Amino acid sequence: QVQLVESGGGLVQPGGSLRLSCAASGRTFSRYTMGWFRQAPGKERETVAVISQSGGITNYADSVKGRFTISRDNAKNTVYLQMNSLKPEDTAVYYCAARPGTILTTLGVRYDYWGQGTQVTVSS
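J.: Tell me what's going on with the overall build of the chain, and back it up with residues and numbers.
T.: Each helix and strand counted, the chain has zero helices and eleven strands in total. The helix and strand sequence of the chain, counted from the amino end, reads β-β-β-β-β-β-β-β-β-β-β. By the compact-globule yardstick of 14 Å for 124 residues, the chain fits well, its C-alpha radius of gyration being 13 Å. A buried classification covers 43% of the 124 residues belonging to the chain. Here the chain has roughly 6400 Å² of accessible surface; of this, 46% comes from carbon and sulfur atoms. Distance from the positive charge centre (13 side chains) to the negative charge centre (8 side chains) of the chain: 7 Å.

J.: Account for the state of the cysteines, with residues named and values stated.
T.: In total, this model carries one disulfide according to the counting rule given. Note on cysteine connectivity: Cys22 is disulfide-linked to Cys96, with sulfurs 1.9 Å apart. Handedness here is read from the sign of the S-S torsion; for Cys22 and Cys96, about 45 degrees, the answer is right-handed. With a gap of 74 residues between them, Cys22 in strand 3 (residues 18-24) and Cys96 in strand 9 (residues 92-100) connect regions that are remote in the sequence. Assessed through its relative accessible area of 0%, Cys22 is described here as buried. For Cys96, a relative accessible area of 0% gives the class buried.

J.: Can you lay out the side chain of Glu6 for me, pointing to particular residues and giving the numbers?
T.: Among the structural elements, Glu6 can be located in strand 1 (residues 4-7). Although buried, Glu6 forms no salt bridge, and the nearest oppositely charged side chain, Arg45, lies 10 Å from it. There is a polar contact of 2.9 Å between the side chain of Glu6 and the backbone nitrogen of Cys96. Within the local environment of Glu6, its side chain forms a polar contact with the backbone nitrogen of Gln116, the two atoms lying 3.0 Å apart. Apart from residues no more than four positions distant in its own chain, Glu6 is found in contact with Ser21, Cys22, Trp36, Tyr94, Tyr95, Cys96, Gly115, Gln116, Gly117 and Thr118.

J.: Requested: an account of the environment of Lys65, with residues and values cited.
T.: Mapped onto the secondary structure, Lys65 falls in the loop between strand 6 (58-60) and strand 7 (68-73). For Lys65, a relative accessible area of 49% gives the class partly exposed. Linking Lys65 and Leu86, residues 21 residues apart in sequence, is a C-alpha distance of 12 Å.

J.: I'd like to hear about the pattern of salt bridges, residue by residue, with values.
T.: Scanning all chains against the criterion turns up four salt bridges. Its salt-bridge partner being Asp90, residue Arg38 comes within 2.9 Å of it at the nearest N-O pair. In this pair, Arg38 is assigned in strand 4 (residues 32-39) and Asp90 in the loop between strand 8 (78-83) and strand 9, connecting sequence segments 52 residues apart. The burial state of Arg38 is the same as that of Asp90; both residues are buried.

Cut-offs applied
Residues numbered from 1 in each chain as written. Predicted model: local features only at pLDDT ≥ 70, side-chain atom pairs only at ≥ 80, totals over all residues. Heavy atoms only, no water. Helix = DSSP H or I, 4+ residues; strand = E, 2+ residues; numbered from the N terminus. Rg over C-alpha atoms; globule rule 2.2 N^0.38 Å. Buried < 20%, exposed > 50% of the residue type's maximum accessible area, 1.4 Å probe, protein only. Areas by Shrake-Rupley, 256 points an atom, 1.4 Å probe, with all protein chains shown as cover. Lys, Arg positive; Asp, Glu negative; His and termini not counted. Charge placed at Lys NZ, Arg CZ, Asp CG, Glu CD. Disulfide = S-S within 2.5 Å. Salt bridge = Lys/Arg side-chain N within 4 Å of Asp/Glu carboxyl O. Polar contact = N/O pair within 3.5 Å; in protein donor to acceptor, adjacent residues only side chain to side chain. Contact = heavy atoms within 4.5 Å.

Here it is as structure tokens:
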């Protein structure tokens, strides 16, 4: 089992940047595929980005490609989401999630462990 804690959210102006972090407990972090998801008020949860166990393979939602970068540091048990050129439509609660195994999937229902979320608000 793994516990996840997100941090780094906040209020930022359009065009600004934020870096989210997700710290995982346990000694087997490198065995988990990781993902970032978000949910805006009144909307369904959507996948933002996912990353393989080693970090060598990533997948992004079309809406964030070229603006967001997912990465991980297995030595620090942490996954990151660098968000640049933020837009008001990026406003949401952002969650990180983990699933054991090598299969890289963007389906949120396939992820077993979730953090509590961190609010990102993009507004002038």
